[in-house]
Amino acid sequence: MVERAIERAIERQTEFTVELEIMTAQQRRRWIEVRGEPDVQAGRVARVVGTARDITRQKSRLERLRLLDAAVEHAHDMVIVTEAQPIDEPGPRIVYVNEAFEKQTGYTRGEAIGRTLRMLQGEDTDREALGRIRAALERAEPAREEVLNYRKDGTPYWIDLSIVPVTTGDGAPTHYL
């Protein structure tokens, strides 16, 4: 694989990047990224200069993200991610919803992204419960409430909300789940 990439790079006089899974002498799997480019002198390739680096950690993180994405996307419970601010009107905007959200609410992902969860509230949504949620958000604390929400077609449904902040290293919330 690397040999073919080097041959093509020499032939085309272009850079190349190849990722390889290897087995170490200790029988551990590692991922290596090999990058290189031909050193052209007087119109001819004199040599190929390159580097190799261990990208096992990055590959592991990407695999973990892929698995988490699949788990969240196909969960039977709604998963919603909002920005942390503003808490005041218009409220934290939705940045992600999963398939369960679409099925439960009748809103498509495209209709929900950029709007606020206030679109699910209606005349019988408990304002005291919303006040407790708001107070928890202002303190960047988790909140759990049972509230009456409304589907896109106006049909009411009860939901047990569990909201948790996603924070930076200093504890400042960036998003809510």
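Residues numbered from 1 in each chain as written. Predicted model: local features only at pLDDT ≥ 70, side-chain atom pairs only at ≥ 80, totals over all residues. Heavy atoms only, no water.

Student: Would you take a moment to explain the overall build of the protein chain for this structure?
Tutor: Helices and strands together make up the secondary structure of the protein chain, namely five helices and nine strands. Secondary structure of the protein chain in N-to-C order comes out as α-β-β-β-α-β-β-α-α-α-β-β-β-β. In terms of C-alpha radius of gyration, the protein chain reaches 25 Å, well past the compact-globule figure of 16 Å for 177 residues. The principal-axis extents of the C-alpha atoms in the protein chain amount to approximately 80 × 35 × 30 Å. Evaluated residue by residue, the protein chain yields a buried proportion of 29% over its 177 residues. Restricting to contacts in the protein chain with at least 6 residues of sequence separation, those with at least 24 account for 34%. Counting 27 positive and 31 negative side-chain charges, the protein chain places the averaged centre of each group 7 Å from the other. (Helix = DSSP H or I, 4+ residues; strand = E, 2+ residues; numbered from the N terminus. Rg over C-alpha atoms; globule rule 2.2 N^0.38 Å. Buried < 20%, exposed > 50% of the residue type's maximum accessible area, 1.4 Å probe, protein only. Contact = heavy atoms within 4.5 Å. Lys, Arg positive; Asp, Glu negative; His and termini not counted. Charge placed at Lys NZ, Arg CZ, Asp CG, Glu CD.)

Student: Is there a simple way to think about the pattern of salt bridges in this case?
Tutor: Two side chains that carry opposite charge are able to pair once their charged atoms sit near each other. Tallying each qualifying case throughout the model produces 16 salt bridges. One salt bridge connects Arg30 with Asp54, and the closest N-O pair in it is separated by 2.6 Å. Separated by 24 residues along the polypeptide, Arg30 in strand S2 (residues 29-41) and Asp54 in strand S3 (residues 44-54) bring together distant segments of the chain. Arg134 is paired through a salt bridge with Asp88; the nearest N and O atoms lie 2.3 Å apart. Here Asp88 lies in the loop between strand S4 (80-83) and strand S5 (94-97) and Arg134 lies in helix H5 (residues 127-138), a separation of 46 residues in the sequence. With a relative accessible area of 30%, Arg134 lands in the partly exposed category. By relative accessible area, which is 47% here, Asp88 ends up partly exposed. Within this structure, Glu33, Arg35 and Arg53 form a network of salt bridges that share partners. (Salt bridge = Lys/Arg side-chain N within 4 Å of Asp/Glu carboxyl O.)

Student: Which parts of the structure should I look at to understand the packing of aromatic side chains?
Tutor: Any two aromatic rings considered together are summarised by their centre-to-centre distance and by the angle between their planes. Throughout the structure, instances matching the rule amount to zero aromatic pairs. Lying across the ring of Trp31, Lys59 places its NZ or CZ 4.4 Å from the centre. (Phe/Tyr/Trp six-rings, centres within 6.5 Å; stacked < 30°, edge-to-face > 60°. Lys NZ or Arg CZ within 6 Å of the ring centre and 35° of its normal.)

Student: In this structure, what is going on with the side chain of Thr105? I would like to understand it.
Tutor: The residue Thr105 is located in helix H3 (residues 99-105) in this model. At a separation of 2.8 Å, a polar atom in the side chain of Thr105 contacts the main-chain carbonyl oxygen of Phe101. Polar contacts involving the side chain of Thr105 include one to the main-chain amide nitrogen of Tyr107, which spans 3.1 Å. If sequence neighbours within four positions are ignored, Thr105 has contacts with Met78, Leu120, Arg151, Lys152 and Tyr157. (Polar contact = N/O pair within 3.5 Å; in protein donor to acceptor, adjacent residues only side chain to side chain.)

Student: Whenever I open this one, a nonpolar patch on the surface confuses me. Can you help?
Tutor: Among the surface-exposed residues, Leu62, Leu65 and Leu68 lie close enough to one another that they form a single nonpolar patch of about 300 Å² accessible area. One can find Leu68 in helix H2 (residues 56-73). (Patch = residues over 30% accessible without salt bridge, like charges linked within 9 Å, V, L, I, M, F, W, Y side chains within 5 Å. Areas by Shrake-Rupley, 256 points an atom, 1.4 Å probe, with all protein chains shown as cover.)

Student: What's the story with the sheet that holds S5 in this structure? I'm lost.
Tutor: As a general point, the strands of a sheet are linked pairwise by backbone hydrogen bonds and lie either parallel or antiparallel. If you trace the four strands from one edge of the open sheet to the other, you get S5-S4-S9-S8, paired in antiparallel fashion. Edge positions in the open sheet fall to S5 and strand S8 (165-167), since each of these has one partner strand only. If you compare each strand with its neighbour and ignore which way they point, the axes differ by 25° on average. Sheet topology places S8 next to strand S9 (residues 173-176); three bridges connect them, and they run antiparallel. Its bridge partner being in S9, Pro165 is matched across the sheet by Tyr176. (Pairing = 2+ DSSP bridges. Axes fitted to C-alpha atoms, helices over the stretch in contact; angles between N-to-C directions.)

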